[in-house]
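Understanding the architecture of this molecule
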Amino acid sequence: MTIRFDNRVAIVTGAGNGLGRAHALLLASRGARVVVNDPGGAVDGKGGNHAAADKVVDEIKAAGGVAVPNFDSVADPKSAANIVKTAVDSFGTVDIVVNNAGVLRDKTFHNMTTEDFDFVVKVHFQGTAYVTHAAWPILRAKAYGRVVVTSSNSGIYGTFGQANYGGAKLAVVGFMNALRLEGQKYNIMINALAPVAATRMTESLMTPEVLDKLRPEFVSPMVAYLCSEQCQRTGDIWSAGAGTFARIEYREAEGVRIAGRAPTIEDVLENIDRIADVSASRVFRTSGEEVAAVVGA
Ligand code: NAI
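Here, residues in each chain are numbered from 1, in the same order as that chain's written sequence. Owing to the predicted nature of the model, reporting of local features is limited to residues with pLDDT of at least 70; listing and counting of side-chain atom pairs is limited to 80 or more, with chain, interface and lining totals taken over all residues. Hydrogens and water molecules were not included; the side-chain quantities draw on all heavy atoms of the structure.

What follows concerns the site of the ligand. Definition of nearness: a residue and a molecule or strand are near each other if at least one heavy atom of the residue lies within 4 Å of the molecule or strand. Taken together, 28 residues surround the ligand, and among them Asp38, Asn100, Tyr165, Thr199 and Arg200 come closest. Values of accessible area rely on a 1.4 Å probe in the Shrake-Rupley scheme; residue burial ignores everything except the protein chains shown. When the ligand is considered free in solution it has 830 Å² of accessible area, and contact with the protein chains removes 96% of it. Numbering of helices and strands runs from the N terminus, with a helix taken as a DSSP run of H or I at least four residues long and a strand as a DSSP run of E at least two residues long. For the shell around the ligand, the elements supplying multiple residues, two or more each, are helix 1 (18–29), helix 4 (114–142) and helix 6 (163–183). Considering only residue class, the shell around the ligand consists of 11 nonpolar, 14 polar and three charged. For this classification, the nonpolar set comprises Ala, Val, Leu, Ile, Met, Phe, Trp, Tyr, Cys and Pro, the charged set comprises Asp, Glu, Lys and Arg, and every other residue, Gly included, is treated as polar.

Next up, the structure:
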């Protein structure tokens, strides 16, 4: 089966470079009309230019696709809403939101200013929420939507010097977990991407041989699948990079239950290895399931 996006309108944030550009090109090549959002600027979010988004729109058009640029920042509620307005004004609706925009301000935590912290959280986490919030009523009303949030192995597993970025990248997973439940009855599927790709964000970290295996185009098929009508999965985290695709999930140990008396600190000390042992583990899909298991364990 060939997946197509004819009659679908997609917003890709931060689509002027790297992964967002590759996602936008792929969606447009399969018939989606695309809002290519990008205010331009450097990896740390400083500066700005129209060239980044304009160039990708030109590439899409040259390949016979349909796209419009938008230069608003995701990191402000009004400008984020204007990204969605651009989709509605240009194409009449929105069906697909790929929250991809991102910045880096890496520093060890003791050197990180609260401004560096706030700025990174604002672009990744609030930006995802602001754009999705503006699109949500449209998706709900039409009972159709595909939303992707961009997480990272930095948040999921940890990277030195990225307390701001890692925190924001796991925040979008918590955001997705709630919207999975709220969107389900409206046929809105929301999933998280954990990509690995050679972009200006990562090019200084790897050798040229490794970077060549990590082309952004090798990640985009996962995103496009998650944006398709065929995708009936929601609320999962998907790793994609170098042609490897894998679902990530967290699990909870069977644990230890101290029954019939109040537990003590020493109970924890004596049992810590069993409490930590995930060889017998469970996967929960809602907080309620986890609470029921804890109470009834
Ligand atoms: P990139 O720097 O090439 O692309 C990010 C784009 O977001 C840029 O074009 C930038 O102008 C845009 N952007 C920045 N602030 C914005 C704002 N306020 N509003 C709208 N757009 C804004 O980097 P890359 O690697 O393509 O990153 C894309 C996403 O993937 C980011 O969310 C990043 O955190 C995430 N990611 C990337 C990984 C990788 O291996 N490259 C690993 C894990 C996550």
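That shown, we press on.
What follows is about a nonpolar patch on the surface. For patches, a residue must show more than 30% relative accessible area and have no salt bridge; joins then use 9 Å for like charges and 5 Å for nonpolar side chains, namely Val, Leu, Ile, Met, Phe, Trp and Tyr. In what follows, salt bridge is the name for a side-chain nitrogen of Lys or Arg lying within 4 Å of a carboxyl oxygen of Asp or Glu. A cluster of nonpolar side chains, namely Val268, Ile272 and Ile275, defines an oily patch on the protein surface of about 220 Å² accessible area. Of note, Ile275 is situated in helix 9 (residues 265–276).

For the structure on display, the rule yields 16 salt bridges. The closest approach of N and O atoms between Arg4 and Asp6, which form a salt bridge, is 2.9 Å. Since its relative accessible area comes to 39%, Arg4 is described here as partly exposed. A residue is classified by how much of its surface remains accessible, and Asp6, at 38% relative accessible area, is partly exposed. Between Arg247 and Glu249 there is a salt bridge, with its nearest N and O atoms 2.9 Å apart. A 1.4 Å probe rolled over the protein chains alone gives each residue an accessible area, and that area as a share of the maximum for its type sets the label: buried under 20%, exposed over 50%, partly exposed in between.

One non-glycine residue, Ala143, lies in positive phi territory at about 55°. Assignment of secondary structure puts Ala143 in the loop between helix 4 and strand 5 (145–150). Relative accessible area serves as the criterion here: at 37%, Ala143 is assigned to the partly exposed category. Even without being glycine, Ala242 reaches a positive phi, approximately 60°.

Partitioning the protein into structural domains gives domain 1 (9–248) and domain 2 (252–295). Placing the centre of domain 1 and that of domain 2 at their C-alpha centroids yields a distance of 36 Å. Note that domain bounds follow an automatic or database assignment of domains.

A separate point is the side chain of Asn191. Inspection of the secondary structure puts Asn191 in strand 6 (residues 188–195). For Asn191, a relative accessible area of 0% corresponds to the buried category. Here a polar contact is recorded for every N or O atom pair within 3.5 Å, except that within protein the pair must consist of a potential hydrogen donor and a potential acceptor, and residues adjacent in sequence are included only if both atoms are side-chain atoms. Side-chain polar atoms of Asn191 contact the backbone nitrogen of Gly235, separated by 3.4 Å. For Asn191, the side chain forms a polar contact with the side chain of Trp238, separated by 3.0 Å. Not counting the four nearest positions on each side in its chain, Asn191 is found in contact with Val147, Val148, Val149, Met176, Leu226, Cys231, Arg233, Thr234, Gly235, Asp236 and Trp238. The contact rule is simple, with two residues in contact once any of their heavy atoms fall within 4.5 Å.

Note on terminology: disulfide denotes any pair of cysteine sulfur atoms within 2.5 Å. For the coordinates displayed, the defined rule picks out zero disulfides. This cysteine, Cys231, is not joined by any disulfide, and Cys227 carries the nearest cysteine sulfur, 8.4 Å off. Owing to a relative accessible area of 0%, Cys231 belongs among the buried residues under this scheme.

Counted at 1.5 Å a residue, the expected span for helix 4 with its 29 residues is 42 Å, and the 40 Å between its end C-alpha atoms agrees. By the largest-angle criterion, Lys122 marks the main kink of helix 4, which is about 40°. Working rule for helices: expected span equals 1.5 Å times residues minus one. Given a residue, its bend is the angle between the two axes fitted to the seven residues that end at it and to the seven that start from it.

Let us now look at the side chain of Asn70. With respect to the helices and strands, the residue Asn70 is situated in strand 3 (residues 66–70). Overall, Asn70 belongs to the buried group, its relative accessible area being 3%. In this structure the side chain of Asn70 is engaged in a polar contact, spanning 3.0 Å, whose partner is the side chain of Asn37. In this view, Asn70 contacts Val35, Val36, Asn37, Asp38, Ala53, Asn82, Ile83 and Thr86; residues no more than four positions away in its chain are not counted.

Another aspect to go through is the packing of helix 1 against helix 2 (residues 51–62). Relative to each other, helix 1 and helix 2 sit at 25°, their axes nearing to 10 Å. Between helix 1 and helix 2, the interaxial angle falls into the category roughly parallel. Handedness of the crossing formed by helix 1 with helix 2: right-handed. Two secondary-structure elements touch here, helix 1 through Arg21, Ala24, Leu25 and Ala28 and helix 2 through Val56, Glu59 and Ile60. By residue class, the composition of the contact of helix 1 with helix 2 is five nonpolar, no polar and two charged. Orientation is described by axes fitted as lines to C-alpha atoms, over the contacting stretch for helices, and by angles from 0 to 180 degrees between their N-to-C directions. Throughout this description, any angle smaller than 35 degrees is read as roughly parallel, any larger than 145 degrees as roughly antiparallel, any in the 65 to 115 degree range as roughly perpendicular, and the remainder as oblique. The handedness criterion is simple: a crossing whose near helix is rotated anticlockwise from the far helix by less than a right angle is left-handed, and one whose near helix is rotated clockwise is right-handed.

For helix 1, spanning 12 residues, the distance from its first C-alpha to its last is 17 Å, which sits close to the expected 16 Å at 1.5 Å a residue. All buried positions along helix 1 are accounted for by Leu19, Gly20, Ala22, His23, Ala24, Leu27 and Ala28. Of the residues one or two after helix 1, Gly31 is the one with positive phi, at around 105°.

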